[in-house]
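Topology and contacts: notes
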Amino acid sequence: MEFSVTIFGSGAAVPTRGRHCSSQMIIADGYKMLVDCGEGTQNQMFLYYKRLRQLNTIFISHLHGDHWFGLPGLLSSMHLGGRTEPLDVYGPQGLKKVLDSVFSVSGSAFQYELRIHEIAVNEPETIFENDKCKVTAFPLQHSVPTYGFIFEEAKPELNLKKNAREKYGLGDADCRNVKAGADFVMPNGTVIPNAEMTLPRRKARRYAYCCDTGYFDGLLDIVRQVDMLCLESTFDNKYSDLAAEKGHLTALQAAQIAKQSDVGQLLLTHFSARYKGGKIEVLVHEAKSVFENVVFAEDGKRYEIATRNSN
């Protein structure tokens, strides 16, 4: 079952050549969720994904412009592209007001239902769940109300033991039922318990998105042992005072959080525009000096979220 993240924007504050503002798409077994929608997101989606109408749900972390200024244009393009199914958008308090204002003064009206859900949680809380995934929101530490999200895939399908199909005469429909957890009744009435035909179910994979935030102790427990942690790393440690002032992290701090939280893999993003071209290597070296399993977000790149114990 696919569980992946595709980066549409990995830059901080302003777009640069090669790095757009924050945005990424998580896919859980075909269900597509956009997280943040910085300026130019829809162009990135056309370039790297191409199917705006298939987007299912949107989550906005906070109302700094580099995380949502692309949203009005994206929503309008969905209307112009013929979307008719409802769209749910989750974000901080104030999101409905700003969107209503934009669409009111522009005279915009959509042929699909736009449903805005404003978040106001003081501790981790499930805000969305269906048969594909569950999304938990939690507060971060930034200069405006900001939320992180944990995306957890639905209970994974069971796998058949080797030769189970042949041993019990399972057809295609039988295999689907057994993988879903059902026992099997043989033609002679004998009931084969599910556990005799399947391997132990693996743990559901979890992906945590934290952007923007400064360091706080509670974050460690919230993201503990996730399979992949996406964490901002706006600056290198030379700018630690500036990071603290602005409510951001250095690459070193992000790696320390990953190590102390025992995560499977660290995906760093939200890079300051000062790190152009090869200058990103400063952040690479800093993070890897603490936590080895680090990848750096690249616009247009897709990352499979692997189970933590496979890393």
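Use the structure listed above.
These notes cover the structure that comes with them. Each chain carries its own residue numbering, running from 1 in the direction its sequence is written. Totals for whole chains, interfaces and linings use all residues, but because this is a predicted model, local features are given only for residues with pLDDT of at least 70 and pairs of side-chain atoms are given and counted only at 80 or more. Neither water nor hydrogens contribute to the side-chain values; these are computed over all heavy atoms in the structure.

A few points about the pattern of salt bridges
Opposite charge on two side chains allows them to pair when their charged atoms are near. Only one rule defines a salt bridge in this text: a Lys or Arg side-chain nitrogen within 4 Å of an Asp or Glu carboxyl oxygen. Tallied over the full model, the rule gives 12 salt bridges. Between Arg-202 and Glu-153 there is a salt bridge; the shortest N-O distance is 2.6 Å. Note that Arg-202 is positioned in the loop between α6 (194–197) and β12 (206–210) and Glu-153 in strand β9 (residues 147–153), a separation of 49 residues in sequence. Here Glu-304 ties to Arg-205 by a salt bridge, and the two come within 3.4 Å at their closest N and O atoms. One end of the pair, Glu-304, is in strand β16 (residues 302–304); the other, Arg-205, is in the loop between α6 and β12, and 99 residues separate them in sequence. For each residue, the accessible area found with a 1.4 Å probe, counting protein chains only, is set against the maximum for its type, and the residue is called buried under 20%, exposed over 50%, and partly exposed in between. For Arg-205, a relative accessible area of 7% corresponds to the buried category. Each of the salt bridges in this network shares a partner with another, and the network as a whole consists of Glu-2, Glu-153, Arg-202, Arg-205, Arg-302 and Glu-304. By definition, any uninterrupted DSSP run of H or I lasting at least four residues is a helix, any uninterrupted run of E lasting at least two residues is a strand, and each is numbered from the N terminus.

Some remarks on the sheet that holds strand β14 (residues 265–269)
Across the sheet, which stays open at both edges, the seven strands sit in the order β7-β8-β9-β12-β13-β14-β15 with mixed pairing between neighbours. Looking along the sheet, the strands with just one partner apiece sit at the ends: β7 (125–129) and β15 (294–296). When the angles between neighbouring strand axes are averaged without regard to direction, this sheet yields 20°. A pair of strands is treated as paired once DSSP finds two or more bridges between them. Alignment of strand β8 (residues 133–139) against β9, held across seven bridges, turns out to be antiparallel. Its bridge partner lying in β9, Lys-134 is registered against Glu-152. Contacting β14 and β15, helix α10 (residues 281–288) crosses the sheet at an angle of about 165° to β15. Each axis is a line fitted through C-alpha atoms, and for a helix only the stretch in contact is used; angles between axes span 0 to 180 degrees, taken between their N-to-C directions. Every residue pair with non-hydrogen atoms within 4.5 Å of one another is taken to be in contact.

Regarding the side chain of Lys-32
Among the structural elements, Lys-32 can be located in strand β3 (residues 31–37). The positive count covers Lys and Arg only, the negative count covers Asp and Glu only, and His and the chain ends enter neither. This buried residue, Lys-32, is left without a salt bridge; Glu-2 holds the nearest opposite charge, at 6.9 Å.

Thoughts on the packing of helix α2 (residues 71–80) against helix α3 (residues 95–105)
Two numbers describe how α2 lies on α3: the axes approach to 11 Å, and their chain directions differ by 60°. The orientation of α2 with respect to α3, classified from their angle, is oblique. In this structure, α2 meets α3 at a crossing whose hand is right-handed. Across the interface between the two elements, Leu-71, Pro-72, Leu-75 and Ser-76 of α2 pack against Leu-95, Leu-99, Val-102 and Phe-103 of α3. Amino acids are sorted into nonpolar (Ala, Val, Leu, Ile, Met, Phe, Trp, Tyr, Cys and Pro), charged (Asp, Glu, Lys and Arg) and polar (every other residue, Gly among them). Looking at the contact of α2 with α3 residue by residue, the class counts come to seven nonpolar, one polar and no charged. With respect to orientation, any angle under 35 degrees is reported as roughly parallel, any angle over 145 as roughly antiparallel, any angle of 65 to 115 as roughly perpendicular, and every other angle as oblique. Whether a crossing is left-handed or right-handed is set by the direction in which the near helix is turned from the far one by less than a right angle, anticlockwise for left-handed and clockwise for right-handed.

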